[in-house]
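Examination of the molecular architecture
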Amino acid sequence: MGEASMRIGVLHFSHETVTFLKNDTTLEDFIYPGSPAKGEPGSPANGEALLKFDPKSYMGGFVKMAREFAGVELVGIESPLWPKTYMGSGWVTQDAYETFVGRMIAEIKADKPFDGIYLCLHGAMAVRGVPRPEAELARRVREAVGPQAFIAATFDLHGNEDDEFLKYADMAFTVKYFPHYDGYLQGERAARTLVRAVRGDYKPAHVTAKIPIISPTVLQWTGASPWMDLVQRALVWEAREPDVYINVFFGFPFADVPDVGMTIQVLTNGNPELAANVCRDMAETTWRQRKALLTSTKIHSIPEGVALAKQAVQKGETPVVLADHSDRSGYATWLLKEIIAQDLSNTLIATVTDAAATAKLRDRGAKAGDLFDMEVGGLADESAGDPVRIQGTILNAGEGHGQFWVSIEFGRGNVLVLSTYLVQIMEPFSLKALGLDIGAFEIMAIKSRVHFRRGFHDNGFAKTILLVEPTEPFLGTVHLDKLPYENVALKDYYPYGNPVFPQ
Ligand SMILES: [Zn+2]
């Protein structure tokens, strides 16, 4: 390649913070070694390691598309990857945020000039003492790169954002589907639009609207109306108006931050009037559907869900997925307990998180064939319930993805998988790595809200899907009014009060 004609700095800072969890997300949680042999990157990452860390999602799409343009140089600026705790941790400490952002800004200043910056974000990161961490990052990046450079970002639709972000950044591209199938596509769009903006071919003109609707994530599956109708409406606008991009943030209610709720962003090429029109249409359409948005998915109690799973097995409607959508720590044992109480068979429970038990088993050199008799899970907080005693035989034990996994056979063909951290099983066949015969299970009890639909539902694998949550309104509950918000006034949001629309 000849002399670069365009330099783009690339940053990553993503977390979906459940601020109601007791364990903060610390600096240490963001720092871990990778295992190059398995293609697993360490964190923080820079240069090519950063650019290559997530090839099938936002980063992969961005890098692939940016490199299709001659003369574009990408500079991977040192960035933390997802923390070890993944989504199972609370407030990001100010220390962690300031350390990484401080290094990013110093590196940008030392390595100037940049024509553009790509921010690979999630949007639902919550940082102690920083009310809008993504907008604050954009503000500091803007200050460092100067007014001429263009800043583009990608987001998860669970981002909690208001109009602050696009005051400092020029462009944002959010996935439209939940599960998030289009991360790669949005990365590509960000790259192409950023390159065009730097070349003077795209002049970002945008509008942001906040919609006072707050909803639990389990309801936000875009396989059902009216969530899918919002996706469709955005796609129609994008199809009929070249260079229009629409972001519909569904929001993440388990972060106690001032910008929760739904948000629409519309981006046009130098046409603020069109942006305003499209944004008004999207916002009004969303608001009209508010009641249906909140009733799109049926949630069962755990005893009811387990009983329905049994019935589905009798009718041959297997495999059955029992998804406890509400467990935010991974330690919850409510479903496990009920599976034992109702004597289910050929059931896979994946996973129950238990850092202490898995550490003990690792230290003890646990291996296949060992007898197992331990209390597992529970106790992380009240939402996790009590530990449950499991007696059985270890099928498999070993390291993987930075944690220790143990699978235990018990009862009549049941298998429990223990993990060190919260694990959301999205694809049944990801469990094959644990030596499990996936086809042998009639029921799979997992911890997931919507992401599991990728590998269990939208591909036709499971014949029965049952979403459950404990009777008590714990922290992942659909009953948001039972959560101890301090920074959110629920009365300002539908369905909890009489919010004003438009805001
Ligand atoms: Zn998400």
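1. Concerning the overall build of the chain
- A count of helical and extended segments in the chain gives 13 helices and 19 strands.
- Seen through its principal axes, the chain has C-alpha atoms that stretch 65 × 50 × 40 Å.
- In the chain, which comprises 503 residues, the share counted as buried stands at 60%.
- Pairs at least 24 residues apart make up 74% of the contacts formed inside the chain by residues separated by at least 6 positions.
- If you average the places of the 49 positive and of the 62 negative side-chain charges in the chain, the two averages end up 3 Å apart.

2. A word on the coordination of the zinc ion
- Around the zinc ion, the donor atoms from the protein are Asp 156 (OD), Asp 156 (OD), His 158 (ND1) and His 180 (NE2), and they sit 2.1 to 2.6 Å away.
- Geometry at the zinc ion is irregular, judged from its 4 donor atoms and the angles of 53 to 140 degrees they form at the metal.
- A relative accessible area of 1% means that His 158 is categorised as buried.

3. Describing helix H3 (residues 94–110)
- The terminal C-alpha atoms of H3 lie 23 Å apart, and with 17 residues this matches the ideal 24 Å at 1.5 Å per residue to within 8%.
- Every buried residue of H3 is listed here: Ala 96, Tyr 97, Thr 99, Phe 100, Val 101, Met 104, Ile 105 and Ile 108.
- Next to the buried residues of H3 lie strand S1 (6–13), strand S2 (24–25), strand S4 (90–92), strand S5 (116–121) and helix H4 (133–145).

4. Section: the side chain of Glu 16
- You can see Glu 16 is positioned in the loop between S1 and S2.
- One polar contact links Glu 16 to His 122, side chain to side chain, over a distance of 3.1 Å.
- Residues in contact with Glu 16, not counting those within four places in the same chain, are Trp 82, Met 87, His 122, Ala 124, His 158, Phe 252 and Arg 328.

5. So, the packing of aromatic side chains
- Summed over the entire model, instances satisfying the criterion amount to 18 aromatic pairs.
- An angle of 80 degrees between the planes, with centres 5.7 Å apart, marks the rings of Phe 252 and Phe 254 as edge-to-face. Pair check on accessibility: Phe 252 and Phe 254 agree, each one buried.
- A centroid spacing of 5.9 Å and a plane angle of 70 degrees characterise the contact between Phe 456 and Phe 461, whose relative ring orientation is edge-to-face. Comparing Phe 456 with Phe 461 shows no difference in burial state: the two are buried.
- Clustering of aromatic rings is evident, with ring pairs tying together Phe 13, Phe 30, Tyr 97 and Phe 100.
- The ring of Phe 114 has Arg 7 lying over it, and the distance from NZ or CZ to the ring centre is 4.8 Å.
- Stacked on the ring of Tyr 494, the Lys or Arg Arg 290 has its end atom at 5.7 Å from the ring centre.

6. Quick notes on the pattern of salt bridges
- One pass over the structure, following the stated rule, counts 25 salt bridges.
- Across the pair Lys 367 and Asp 370 runs a salt bridge whose closest N-O atoms are separated by 3.1 Å.
- A relative accessible area of 21% means that Asp 370 is categorised as partly exposed.
- The closest approach of N and O atoms between Asp 492 and Lys 491, which form a salt bridge, is 3.3 Å.
- Take Lys 491: its relative accessible area is 57%, and that puts it in the exposed class.
- Among the ionic contacts, a cluster of salt bridges with common partners joins Glu 98, Glu 136, Arg 139, Arg 140 and Glu 143.

7. Quick notes on the side chain of Thr 333
- Topologically, Thr 333 is positioned in the loop between strand S12 (320–324) and helix H11 (334–341).
- With relative accessibility at 0%, the residue Thr 333 sits in the buried group.

8. Thoughts on unusual backbone geometry
- A cis amide bond links Phe 178 to the next residue, Pro 179, at an omega of 5 degrees.
- Tracing the backbone through its elements, the reader meets Pro 179 in the loop between strand S7 (171–174) and helix H6 (183–198).
- The peptide bond linking Tyr 494 to Pro 495 adopts the cis configuration, its omega dihedral lying at 5 degrees.
- The backbone phi angle of Tyr 86 is positive, close to 50 degrees, even though this residue is not glycine.
- Secondary-structure assignment places Tyr 86 in the loop between strand S3 (72–76) and S4.
- Residues other than glycine seldom take positive phi values, yet Asp 243 does so here, at roughly 75 degrees.
- For Asp 243, the location among the structural elements is in the loop between helix H7 (227–240) and strand S9 (245–249).

Calculation criteria
- Here the residue index of a chain counts from 1 through its sequence in written order.
- Since the coordinates come from a predicted model, pLDDT governs what is reported: local features require at least 70, and pairs of side-chain atoms require 80 or more to be given and counted, while whole-chain, interface and lining totals use all residues.
- Excluding hydrogens and water, the side-chain values take into account all heavy atoms of the structure.
- Put simply, DSSP marks the helices as runs of H or I at least four residues long and the strands as runs of E at least two long, and each gets a number from the N terminus on.
- Each residue's exposure class comes from its accessible area (1.4 Å probe, protein chains only) as a fraction of the maximum for that residue type: buried when under 20%, exposed when over 50%, partly exposed otherwise.
- By definition in these notes, contact holds between two residues if any of their heavy atoms fall within 4.5 Å.
- Think of it this way: Lys and Arg go in the positive column, Asp and Glu in the negative one, and His and the chain ends go nowhere.
- By convention, the charge on Lys lies at NZ, on Arg at CZ, on Asp at CG and on Glu at CD.
- Each metal site lists N, O and S donors within 2.8 Å (3.2 Å for Na, K and Ca). With water left out of the atoms, a site can look as if it is missing ligands.
- Any coordination sphere not matching a tetrahedral pattern (four donors, all angles between 85 and 135 degrees) or a square planar or octahedral pattern (four or six donors, opposite donors over 155 degrees apart, other angles between 65 and 115) is reported as irregular.
- One less than the number of residues in a helix, times 1.5 Å, gives the span that helix is expected to have.
- Nitrogen and oxygen atoms within 3.5 Å of one another constitute a polar contact, given that in protein one can donate a hydrogen and the other can accept it, and given that sequence-neighbouring residues count only through two side-chain atoms.
- Paired rings are identified among Phe, Tyr and Trp, the last through its six-membered ring, by centres lying within 6.5 Å, and are further divided according to the angle between planes into stacked (under 30 degrees), edge-to-face (over 60) and tilted (the rest).
- Charge-over-ring contacts are defined here by two conditions on Lys NZ or Arg CZ: a distance within 6 Å of the ring centre and an angle within 35 degrees of the ring normal.
- By definition here, a salt bridge exists when the distance from a side-chain nitrogen of Lys or Arg to a carboxyl oxygen of Asp or Glu is within 4 Å.

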